[in-house]
Amino acid sequence: MRKNLLKAVSILSVALAVALFIPQRAAADDDDPPSRVARLGFARGSVSFNPAGTDDWVSAIVNRPVTTGDKIWNDADGRSELSIGSAVIRLGSTTGFSFLNLTDNTAQIRITEGTLNIRVRNLGDDETFEVDTPNLAFTVLRPGNYKIVVNEAGDTTTVVVRDGQGEVTGGGSAYTIHPNEIGAFVGADQLDADVESWESNDDDFDDWCADRDRRIDHSVSARYVSTDAIGYEDLDEYGGWRPVPEYGTIWFPHVTVVGWAPYHYGHWAYIAPWGYTWVDDAPWGFAPFHYGRWVTVGGVWGWVPCAPRPVTVVGVAYVRPVYAPALVAWVGGPHFAVGIGVGGGFAAGVNVGWFPLGPREVYVPSYPVSRTYVNNVNISNTTVNTTVVNNYYNTTIVNKNVTVTNVKYVNQSVPGAVSATTPQAFTSAQSVSKNSVVVNEREVASAPVAATTPPVAPAKQAVLGSGTTAAAKPPAALANRPVVAKTAPPPPPASFAKQQQAIQANGGKPLAPSQVRQIQPEPAQTRAAVKIAPPSKPATPRNLQANRPGAPNNPAQPTPGNKPATTPANSGAQNAAQKSYSDRPPVARPSNANPVGNSNAANVELEQKHQQQLEQLRAQQDQERQKVEQQQVQERQKAQQQADAAKQQQLNQQHQQQLELFEKKHDQEEQQLKQKQQQEAQKAKPAKNPPKEKDDKPKPKP
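Please read these numbers as outputs of a predicted model, since none were measured by experiment.

Calculation rules
Residues numbered from 1 in each chain as written. Predicted model: local features only at pLDDT ≥ 70, side-chain atom pairs only at ≥ 80, totals over all residues. Heavy atoms only, no water. Core = buried A, V, L, I, M, F, W, Y, C linked by side-chain atoms within 4.5 Å. Buried < 20%, exposed > 50% of the residue type's maximum accessible area, 1.4 Å probe, protein only. Phe/Tyr/Trp six-rings, centres within 6.5 Å; stacked < 30°, edge-to-face > 60°. Helix = DSSP H or I, 4+ residues; strand = E, 2+ residues; numbered from the N terminus. Contact = heavy atoms within 4.5 Å. Salt bridge = Lys/Arg side-chain N within 4 Å of Asp/Glu carboxyl O. Expected span 1.5 Å × (residues − 1). Polar contact = N/O pair within 3.5 Å; in protein donor to acceptor, adjacent residues only side chain to side chain.

Draft legend 1. Looking closely at the nonpolar core. Of all hydrophobic cores here, the largest spans 83 residues; its most connected members are Tyr 263, Trp 268, Trp 284, Tyr 291, Trp 294, Trp 303 and Trp 354. In terms of nonpolar packing, the next biggest core, distinct from the first, is built from 40 residues, Phe 49, Ala 60, Ile 72 and Leu 116 among them.

Draft legend 2. Quick look at the packing of aromatic side chains. Counted according to the given criterion, the structure contains 27 aromatic pairs. Summarising the aromatic geometry, the rings of Trp 251 and Trp 284 are spaced 5.0 Å apart at their centres and angled 65 degrees between planes, so their arrangement reads as edge-to-face. Of this pair, Trp 251 sits in strand E19 (residues 248–253) while Trp 284 sits in the loop between strand E21 (275–280) and helix H4 (287–290), and the two are 33 residues apart along the sequence. Exposure class is identical for Trp 251 and Trp 284. Each is buried. Ring geometry for Phe 286 against Tyr 323: centres 6.3 Å apart, planes inclined by 20 degrees, an arrangement best described as stacked.

Draft legend 3. Structural detail: the environment of Thr 487. One can find Thr 487 in the loop between strand E29 (483–485) and helix H11 (496–505). Along the sequence, Thr 487 and Thr 106 sit 381 residues apart, while their C-alpha atoms lie 9.9 Å from each other. Not counting the four nearest positions on each side in its chain, Thr 487 is found in contact with Gln 108, Thr 128, Glu 130 and Ile 532.

Draft legend 4. Main features of the pattern of salt bridges. Inspection of every chain in the model, using the stated rule, returns 18 salt bridges. The partner of Lys 460 in a salt bridge is Asp 56, with the nearest N and O atoms 2.8 Å apart. Here Asp 56 lies in the loop between strand E2 (47–50) and strand E3 (58–59) and Lys 460 lies in helix H9 (residues 460–464), a separation of 404 residues in the sequence. Residue Asp 56 is classed as partly exposed on the basis of its relative accessible area, which comes to 26%. The shortest N-O distance in the salt bridge between Arg 79 and Asp 204 comes to 3.2 Å. Of this pair, Arg 79 sits in strand E6 (residues 79–83) while Asp 204 sits in helix H2 (residues 204–217), and the two are 125 residues apart along the sequence. On the accessibility criterion, Arg 79 (7% relative accessible area) is buried. Three or more residues joined by partner-sharing salt bridges are found here, namely Glu 81, Arg 90, Arg 119, Arg 212, Asp 213 and Asp 217.

Draft legend 5. Region of interest: unusual backbone geometry. A cis geometry characterises the amide bond from Ala 272 onward to Pro 273, with omega recorded as 5 degrees. Relative to the helices and strands, Pro 273 resides in the loop between strand E20 (266–271) and E21.

Draft legend 6. Representation of H2 within the structure. Helix length check: H2, at 14 residues, gives a terminal C-alpha distance of 20 Å against a target of 20 Å (1.5 Å per residue), a fit within 8%. Where H2 begins, one side-chain oxygen reaches toward the backbone nitrogen of Phe 205, 3.2 Å away; that side chain belongs to Asp 203.

Worth remembering: the numbers are spatial, not functional.
Written as structure tokens, this is what we have:
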């Protein structure tokens with residue numbers, strides 16, 4: 001009882017601290033970096049990436065953080081997905097994409113050609129979500145599901161609003177698109193607008209988007225971690241949750257590498273304004289490396305998540321989990337990162353070592369930040385005492401003493417917790433596991449700890465990341481195609497050469513946003529790629545009145561432009577009858593349900609049953625795996641106590657084979673269950689219409 005009371009008091013104290021810190025934003029807070037990024041969470045086929053400030057196109061790497069100025073090109077066989085927490089953005093084939101701006105309250109997207117599917121789950125009152133195409137700007141007004149298609153010539157944009165509401169601005173006119181409507185907009189200086197009712201017409205891209213949405217909607221992990229923690233939905237497939245008395249319910253990854261430890265399998269990329277950023281190799285490796293904390297339980301690593309979004313409580317502010325480039329501390333001493341040379345270089349013979357932060361341990365950014373930011377990045381990610389946070393802030397940021405003393409880090413002495421690599425590998429995005437440095441565990445267990453990342457200027461390869469030279473990139477005319485914007489974006493980032501020079505002059509430390517602005521291109525150079533839309537007046541498109549509910553349909557609805565509009569489908573709109581629209585005012589709610597939704601409603605119960613079966617199977621598998629892992633840890637500890645190196649090596653090989661067989665067995669069990677579920681679903685399916693041709697490209701209407 002006393003323990004529960006203390007826990008409740010602790011939670012209340014943190015909540016009050018958060019409520020007090022939010023309003024007290026000083027002028028210096030304007031120099032804080034954004035609290036969110038986008039994550040490239042899926043890439044299939046030929047997907048190329050161009051980091052801001054460079055002219056190089058490299059192959060896209062999953063888990064790469066994406067931010068303002070970064071570009072993506074999906075070739076003819078490409079498909080990709082990005083997440084920014086409150087929204088998921090999916091790119092079809094032959095699509096050119098970039099972020100004109102990505103901040104806490106603004107997501108401004110540039111699409112030069114191709115297909116986007118956007119699902120916005122949350123939209124704050126002060127939040128802007130804008131998509132800029134060659135002939136218009138589309139603003140999302142409500143949470144919902146949207147599809148935008150830009151034709152090859154760039155003179156036609158098709159907008160589908162499955163559910164939600166949006167506004168098209170261009171050519172001096174503004175058009176509102178309501179739920180279950182599709183609009184085709186042709187022209188540049190003046191838009192020829194045609195808006196009509198949207199009818200379901202699935203294509204392959206839409207089916208894929210719906211499948212990806214279902215992963216999010218049915219995620220078990222959403223019960224235990226904030227849905228604003230980017231990448232949480234991938235945890236279901238690659239690990240399991242179980243309660244631990246001291247830390248609550250935590251997540252344990254399913255790994256087949258004996259002695260696996262976090263922050264060991266991946267590389268360091270340099271991403272402004274955060275600086276050196278961890279990019280993990282695992283397909284699930286985003287949320288557990290940029291939010292929360294790590295701890296060992298019975299010799300097995302588990303991730304303590306940032307708390308789920310709470311039920312609204314009056315007077316308590318919710319702080320969205322703040323993205324961090326890597327939640328680690330750095331090992332000091334004569335052989336590790338504390339010993340750096342003058343001017344941002346490493347001293348001779350010095351390697352770079354780090355280990356994951358544990359629960360209640362303070363993360364200290366190496367990039368310029370305010371006191372409010374330091375509090376929020378810690379409070380939103382773990383349970384931490386604000387007095388301790390303030391002490392760290394005063395010591396490491398105000399007084400610039402990066403070495404932490406009189407602090408015992410929980411993971412520093414854990415066997416295998418410290419990862420280390422060479423300076424060259426660290427500064428040029430090379431694989432850590434392939435360039436690892438053997439550490440003396442006794443030495444690192446008692447070594448001093450540096451709270452911030454070693455200040456050293458990056459090589460260009462660190463900005464490009466570990467991707468190889470891209471096999472495909474957009475044609476020059478397409479890459480430089482201007483777009484129409486309703487909101488003026490910031491100037492693009494400076495070239496890498498300018499940034500590198502400024503970082504070196506800054507002693508190897510990341511630049512503050514105010515410093516970045518000083519070396520950015522002149523605004524005149526920016527405007528060449530962006531045309532600000534002229535002041536607009538509300539306008540009525542063709543066919544609008546004819547297609548409103550209660551009016552007769554217009555049988556003749558030609559689609560203008562050199563590519564006809566697409567009429568895609570969406571699972572969200574199909575389930576309109578079952579959805580709750582309490583997240584938007586009545587005027588924005590669909591007035592009638594999509595009739596296609598009736599067939600889906602009949603299968604909701606079966607789908608829920610199948611989801612429960614999968615959850616039960618995975619819970620059983622997690623219990624089996626936990627027993628095996630604990631037994632393996634005991635065997636390795638016994639061999640270590642006996643100082644039998646040969647026995648230890650033999651055990652490692654046996655354990656790795658055992659884990660691999662374990663994974664195969666679980667995969668087979670899940671495959672068998674899914675096959676059985678598919679058979680049940682086929683039997684329950686109603687008769688379907690004749691199959692339609694599936695293609696990502698827009699199709700003509702009859």
